[in-house]
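Coordinates in review
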Amino acid sequence: MTKQTATLQLPGQEAIELPIIKGSAGNDVIDISKLGAAGYFTYDPGFLATASCESAITYIDGDKGILQHRGYPIDQLAEKSDYLEVCFLLLNGHLPDKDDFNKFHHVVLHHTMIHEQLAKLYQGFRRDSHPMAIMCGVVGALSAFYHDSLDITNEQHREIAAYRLISKMPTLAAMSYKYSNGQPFIYPDNKLSYAGNFLKMMFAVPCEDYVVNPVLERAMDKIFILHADHEQNASTSTVRLAGSSGANPFACIAAGIASLWGPAHGGANEACLNMLEQIETVENIPEFIRKAKDKNDPFRLMGFGHRVYKNHDPRATVMRNACHEVLNDLKIDDPLLDVARELERIALEDPYFIEKKLYPNVDFYSGIILKAMGIPKSMFTVIFAVSRTAGWISHWKEMLDQPGQRIGRPRQLYTGEVDLHFDPVDDRCS
Ligand code: SDX
C-alpha cells in the first residue's frame, strides 16, 4: 500500500512531503521530524494535537467514551478481572494463563515488605504532612535501597523494579496514612488479596483483630482497576520524559506522583469532595454552577471535564454504579451523593456544559465511594497513585523496550530578548 503523505508548503521553500503513519485505532499521525531542517518547529502548548510516542498499552476514544487496555474494554476488566491481572496485562501485553496468573499474584503478594531503614524515613516528616508529600519522598528513596535493580539497560532489572513498585506501593501508602494519624505501621499480610492487604494496613490496629470486609475489598480492587492506566496523561508523560534520560524507575515513579498531585489531574478526587462539601446542599448547586461558568471566576466544577473525553468517561459510569452498590451494602445514606447526583443532572442539562462537552470524569464519584469506605480525603490521590503505578511502569518499560529510544527534549517558541550588551552593576544606570 503506498505510503500516504501530508504536503506542507512553507514560504519560499519547496513543498515538503510529511509521512502519515497509521495506527491500529484512533488518529493517524503526521511525522514532522523533517520540519527542523526546514527551520520550523510545531507549536502545540498543552499537547492538544501532539503524539509524543507510539504505544500499544491503552486506547481512548474521547468522542465515543471508549477506554481499552491492550484491547480489553475497561467495563469488562472492572467487572470480570482483578487489579493484579490488569497489571500483568498492562506490563506484558496479554492476559496471563492460569499458571502465569498464579505466579504473578504470588510474586507481587510476597514482596510487599519494605526495608526497615526506609520506615525510619517517615520519622523525618511532620505528622500533619499531606500523604502525597510523603509519597513523593519515600518512593523516590526506594532507589537508595534497591541498587540491585537499577540497571535500566538490563531487562531483568526492569522487570524486578516493576514488580517491586507494584508490590510495595500499597505498603508505603498505608504507612503514610498511619504516620499522619499517629498509629503504628501495620505489616503486610501476604495471605490477603492485594486490595484486602491494603485495607488491613490502612485500618487494622495491633490490639484488635481485623477482618477484611468483602464489599470494601471488591470496591477497592475495582477502584484500583479503574485508575490503572490512561494513555499519555500528564503524570504518565512525566514518567516517560524522566525515564528517557535514563533515570532509575523509582525516581521516575516519584516524578509521576508529583505530577498526579495537581488538582487538574489526580488531585481532582480530593478537590471534588471538598467542592461537594462546600456546596453542602442541593439548594446551593445553582450558585456553584454559575461560578463555574463565570470566566472571571477561577472556580471550576472538580470532577468535570477532560482533555480527551468529550463524552462520558467510561470509568465514571462504572464508578457511579460501584458507588451505589457500596453505599447500599454499607447502608450509608450520604447526602453528598444526593448533591453529586443533582449536580451531575443540572450540569448535563446546562448549555454551557453541553457546548463545551464537559462530563463527569473518573474523579467525580471516586471521592464519594472512598469516603464511604472510610478513606480520608488526603488519601484519595495516594490511592490513585498506587493504582496508576501499574500504568506508569508499563509505559516506562514500553519506552525502554522500543528500539532507538532517545531522550525527550522538546523545543520552544522563543519570545525573549536577544544580543543585549552586559554592563557590570556599577556601570548600570539605576
Ligand atoms: C484526570 O489526562 C488524563 O487522562 C487524566 C485522567 C487520568 O486518568 O490520567 O483522566 C485523570 O486528571 C481527570 C481530570 C480531573 N480534573 C478535574 O476534574 C479538574 C476539573 N477539570 C478541568 O480542570 C479541565 O476540564 C481539565 C483540566 C480536566 C481539562 O482541561 P483542558 O482540556 O485543558 O480544557 P480547558 O481547561 O481548556 O477547558 C475547555 C473549556 C474552558 O472554557 P473556554 O476557555 O473554552 O471558554 O471548558 C471549560 C474551560 O473554562 N472547563 C470547565 C471545566 N473544565 C473545563 N468549566 C467549568 N468546570 C470545569 N470542570
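This text goes with the structure placed above it.
Throughout what follows, the structure given in this document is the object of discussion.

Quick notes on the rules
Residues numbered from 1 in each chain as written. Predicted model: local features only at pLDDT ≥ 70, side-chain atom pairs only at ≥ 80, totals over all residues. Heavy atoms only, no water. Helix = DSSP H or I, 4+ residues; strand = E, 2+ residues; numbered from the N terminus. Rg over C-alpha atoms; globule rule 2.2 N^0.38 Å. Buried < 20%, exposed > 50% of the residue type's maximum accessible area, 1.4 Å probe, protein only. Contact = heavy atoms within 4.5 Å. Areas by Shrake-Rupley, 256 points an atom, 1.4 Å probe, with all protein chains shown as cover. Lys, Arg positive; Asp, Glu negative; His and termini not counted. Charge placed at Lys NZ, Arg CZ, Asp CG, Glu CD. Axes fitted to C-alpha atoms, helices over the stretch in contact; angles between N-to-C directions. Parallel < 35°, antiparallel > 145°, perpendicular 65-115°, else oblique. Left-handed = near helix turned anticlockwise from the far one by under 90°. Nonpolar A, V, L, I, M, F, W, Y, C, P; charged D, E, K, R; others polar. Expected span 1.5 Å × (residues − 1). Bend = angle between axes of the 7 residues up to and from the residue. Near = heavy atom within 4 Å. Polar contact = N/O pair within 3.5 Å; in protein donor to acceptor, adjacent residues only side chain to side chain. Salt bridge = Lys/Arg side-chain N within 4 Å of Asp/Glu carboxyl O. Pairing = 2+ DSSP bridges. Phe/Tyr/Trp six-rings, centres within 6.5 Å; stacked < 30°, edge-to-face > 60°. Lys NZ or Arg CZ within 6 Å of the ring centre and 35° of its normal. Core = buried A, V, L, I, M, F, W, Y, C linked by side-chain atoms within 4.5 Å.

Turning next to the overall build of the protein chain. Each helix and strand counted, the protein chain has 17 helices and six strands in total. Taking 22 Å as the expected radius of gyration for a compact globule of 430 residues, we find that the protein chain reaches 24 Å, a close match to that expectation. Along the first, second and third principal axes, the C-alpha atoms of the protein chain reach 80 × 70 × 60 Å. For the protein chain, with 430 residues in total, the buried portion stands at 47%. Put simply, 71% of the contacts in the protein chain that link residues at least 6 apart link residues at least 24 apart. For the protein chain, the accessible surface area stands at approximately 21,800 Å², while carbon and sulfur atoms represent 53% of it. In the protein chain, which carries 42 positive and 54 negative side-chain charges, the distance between the mean positions of the two groups comes to 1 Å.

The subject of this paragraph is the packing of helix α11 (residues 268-279) against helix α17 (residues 380-401). Where α11 meets α17, the axes come as close as 7 Å, and the angle between the chain directions of the two elements is 155 degrees. Taken together, the axes of α11 and α17 are roughly antiparallel relative to one another. Taken as a pair, α11 and α17 cross one another with a handedness that is right-handed. Between α11 and α17, the contacting residues are N269, E270 and L273 on the first element and F380, T381 and F384 on the second. Of the residues contributing to the contact of α11 with α17, the split by class is three nonpolar, two polar and one charged.

Taking 1.5 Å per residue, 22 residues should reach 32 Å; α17 reaches 32 Å between its end C-alpha atoms and fits that length. Along α17, the sharpest kink reaches roughly 40 degrees, centred on R388. The element α17 is extensively covered by neighbouring structure, given that 21 of its 22 residues are classed as buried.

On to the site of the ligand, then. Around the ligand, the structure places 24 residues, and the nearest of them are H230, H306, R307, R315 and R388. In the model, a nitrogen atom of the ligand is placed 2.9 Å from a nitrogen or oxygen of the A264 main chain. Within the side chain of R315, a nitrogen or oxygen atom sits 2.6 Å from an oxygen atom of the ligand. Its free accessible area being 1,000 Å², the ligand has 78% of it covered by the protein chains.

Right, let's talk about the packing of helix α10 (residues 249-260) against α17 for a bit. At their nearest, the axes of α10 and α17 sit 10 Å apart, and the two run at 130 degrees to each other. Put simply, α10 runs oblique to α17. For the pair α10 and α17, the sense of crossing is right-handed. Here α10 contributes P249, C252, I253, G256, I257 and L260 to the contact with α17, which in turn contributes T381, F384, A385, T389, W392, I393 and W396. Of the residues assigned to the contact of α10 with α17, the class counts are ten nonpolar, three polar and no charged.

In the structure shown here, the tally under the stated rule is 22 salt bridges. Among the ionic pairs, D61 bridges to K64, the shortest N-O distance being 3.8 Å. Close ionic contact of K377 with E277 constitutes a salt bridge, the shortest N to O distance being 2.7 Å. A residue pair is termed long-range when its members are at least 10 positions apart, and K377 in the loop between α16 (362-372) and α17 and E277 in helix α11 qualify at 100 residues. The class for K377 is partly exposed, based on a relative accessible area of 27%. Here the residues in one salt-bridge network are R158, K397 and D401, joined through shared partners.

Our next topic: the environment of T112. Relative to the helices and strands, T112 is located in the loop between α3 (98-109) and α4 (116-121). Separated by 75 residues in sequence, T112 and Y187 place their C-alpha atoms 8.8 Å apart. Discounting residues that sit within four places of it in the chain, T112 has contacts with S167, K168, T171, P188, N190 and N197. Only 2.8 Å separates the side chain of T112 from the side chain of N190, close enough to count as a polar contact.

Quick look at the sheet that holds strand β2 (residues 16-21) now. In spatial order, the strands read β1-β2-β3; together these three strands make up an open sheet with antiparallel pairing. Taken across any chain shown, the strands that pair with only one partner, and hence form the sheet edges, are β1 (5-8) and β3 (29-30). Strand direction decides the pairing type here: β2 and β3, joined by two bridges, are antiparallel. Considered in β3, the bridge of I20 is made with I30.

For the coordinates displayed, the defined rule picks out 15 aromatic pairs. Consider the rings of F288 and F299, whose centres lie 5.7 Å apart with planes at 65 degrees: the pair is edge-to-face. Placement of F288 in helix α12 (residues 285-293) and of F299 in the loop between α12 and α13 (314-329) is noted, with a sequence separation of eleven residues between them. On the accessibility criterion, F288 (9% relative accessible area) is buried. Its relative accessible area of 14% is what places F299 among the buried residues. The rings of F304, Y352, F353, F364 and Y365 are connected pair by pair, giving a single aromatic cluster. In this structure, K98 packs its charged tip against the face of F101, placed 5.0 Å from the ring centre.

Take the pairing of strand β5 (residues 66-69) next. By the alternation rule, side chains of β5 split into L67 and H69, which are all buried, and I66 and Q68, of which none is buried. Where strand β4 (residues 58-61) and β5 come together, four bridges link them in antiparallel fashion. Residue pairing in the sheet places Y59 in a bridge with Q68 of β5. Taken together, β4 and the strand that follows it, β5, pair antiparallel across an intervening segment of four residues, in which G65 is found at a positive phi of about 65 degrees. With two bridges connecting them, β5 and strand β6 (residues 72-73) associate as antiparallel partners.

One finds V139, M220, L276, L301, I369 and M373 to be the most contacted residues of the largest nonpolar core, which totals 116 residues. Look past the residues within four positions of V139 in its chain and what remains in contact with it is L165, M169, L172, F250, I253, A254 and I257. Grouped together as the second largest cluster of nonpolar side chains are five residues, I16, L18, L35 and A38 included.

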